[in-house]
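Results of the structural survey
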Amino acid sequence: MTSSEDQPLSGAILEQSALLTVKDLSRMCAVDERHIVDFVEEGVLHVVEIKSTEWYFRGEALRRTRLALRLERDLELNLAGVALALELMEELERLRRELQARRQ
Amino acid sequence: MLLDLDATLRGGARQLTLRVPEVDADGRLVSKERVLNVQVPKGILAGQNIRLAGQGERPPGEGTPGDLYIEVEFQPHPLYRVDGRDLFLDLPVAPWEAALGATVKTPTPTGTVDLKIPAGSHAGSKLRLRGRGIPASPPGDFYVILQIALPSADDDKAKAAYAAMAAALPFNPRANLGV
């Protein structure tokens, strides 16, 4: 079945809308809430706000969680390995941008 | 979802084809194609997600479908490079335009503008047009990086002009190489 609506579907930019909870992230990435908590404890994800025991994340956390889960699954990394890999990937990205900015 | 840069600069609808698992009449799991017509929010940046409420997978049995999150990346643009919310353009200018200053036509995402090149510019000089990058909030900037284009010296007139310049200017481009 191929379906295409005439009226385009409108959506908001996730990263500019409300903060995400542990429950949101677990549902969006189809993993246990415990898994998200483990990511926080290992420093893979960062809580930006705590309101009456509920943790809140920025929208960017979705991309990071997906990436972390992919690293776990594809490379069979443990949590510490995921945290290290993410840190190195970010450092690489930062240096690439700096290099590009210098070239420009 | 791989988008053309125009989608974020102007907004607009783009088609997206998803492969979604479905259970057919015989109870087998098959992969079905689903085409969505998605309104791209103006100003979305690479790595950001469009959230489409109620367009996600439908859970087995009764239940409301979840949301669909589409992560956006950009295809390389023929003119502009993207860095976050900023755009970069390499703009070729003639040596005299860079040296003497000039006003030249420059393409920007919002149309052609007259750009003032300051006298004494050189290759790699960076000019910033504030707020003319990706229209996010806050909007990005548009950077023009000057490149000096040399006229070819394939006729006598051009050769004479180069020769006159060589005679008139005591110029050693390799001075800082110590030669």
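Shown above is the structure to which this text applies.
Computed from a prediction, not measured in an experiment: that's the story for all the values here. (Residues numbered from 1 in each chain as written. Chains lettered and ligands numbered in written order. Predicted model: local features only at pLDDT ≥ 70, side-chain atom pairs only at ≥ 80, totals over all residues. Heavy atoms only, no water.)

**Regarding the interface of chain B and chain A**
Buried accessible area, meaning the area lost when the parts come together, often serves as the stated size of an interface. Worth spelling out the cut-off: When checking whether two residues touch, look at their non-hydrogen atoms; a contact exists if any pair is within 4.5 Å. When two parts are put together, the accessible area they lose, computed with a 1.4 Å probe and summed over both, is reported as buried area. We define a salt bridge as a contact between a side-chain nitrogen of Lys or Arg and a carboxyl oxygen of Asp or Glu at a distance within 4 Å. What qualifies as a polar contact is a pair of N or O atoms within 3.5 Å, subject to a donor-acceptor requirement within protein and to the restriction that residues adjacent in sequence count only when both atoms come from side chains. To qualify as a helix, a DSSP run of H or I must reach at least 4 residues; to qualify as a strand, a run of E must reach at least 2; elements of each kind are numbered from the N terminus. The residue classification treats Ala, Val, Leu, Ile, Met, Phe, Trp, Tyr, Cys and Pro as nonpolar and Asp, Glu, Lys and Arg as charged. All others, Gly included, are polar. For two strands to be treated as a pair, DSSP must find no fewer than two bridges joining them.
Residue-level contacts link 34 residues of chain B with 25 residues of chain A. Summing both sides of the interface, chain B and chain A together bury roughly 2400 Å²; the carbon and sulfur share of this comes to 43%. Contact with chain A buries surface across chain B, with B:Asn37, B:Asn49 and B:Tyr69 losing the most and accounting together for 23% of the total. Remark: the boundary between chain B and chain A carries 4 salt bridges. Where B:Asp83 meets A:Arg97, a salt bridge forms, and the shortest distance between an N and an O atom there is 3.2 Å. Seen at the junction of chain B and chain A, the total is 10 residue pairs in polar contact (both at pLDDT 80 or more). At the level of secondary structure, the elements contributing two or more residues to the side of chain B that touches chain A comprise β2 (12-23), β3 (29-40), β4 (49-52), β5 (68-71) and β7 (80-83) of chain B. The element that contributes the greatest number of residues to the side of chain B that touches chain A is β3(B), accounting for 8 residues. Each residue belonging to the side of chain B that touches chain A can be placed in one class, and the counts come to 11 nonpolar, 11 polar and 12 charged. Looking at chain direction, strand β2 (residues 12-13) of chain A and β4(B) are connected through 2 bridges and run antiparallel. Paired with A:Ala12 across the strands is B:Arg51, a residue of β4(B).

**Comments concerning the packing of helix α3 (residues 60-75) of chain A against helix α4 (residues 79-103) of chain A**
Residue and element names in this part refer to chain A. Rules: A fitted line through C-alpha atoms serves as each axis, taken over the contacting stretch for helices, and the angle formed by two N-to-C directions is quoted from 0 to 180°. By definition in this entry, angles of less than 35 degrees are roughly parallel, angles greater than 145 are roughly antiparallel, angles of 65 to 115 are roughly perpendicular, and the rest are oblique. Handedness of each helix crossing follows the sense of rotation of the near helix against the far helix: counterclockwise by less than a right angle gives left-handed, clockwise gives right-handed.
Where α3 contacts α4, the two axes come as close as 10 Å, and the packing angle between them is 120 degrees. The angle between α3 and α4 places the two elements in the oblique class. Note that α3 runs across α4; the crossing there is right-handed. On the side of α3, the interface is formed by Arg64, Leu67, Ala68, Leu71 and Glu72, while α4 contributes Leu79, Val82, Ala85, Leu86, Met89 and Glu90. Considered class by class, the residues forming the contact of α3 with α4 number 8 nonpolar, no polar and 3 charged.

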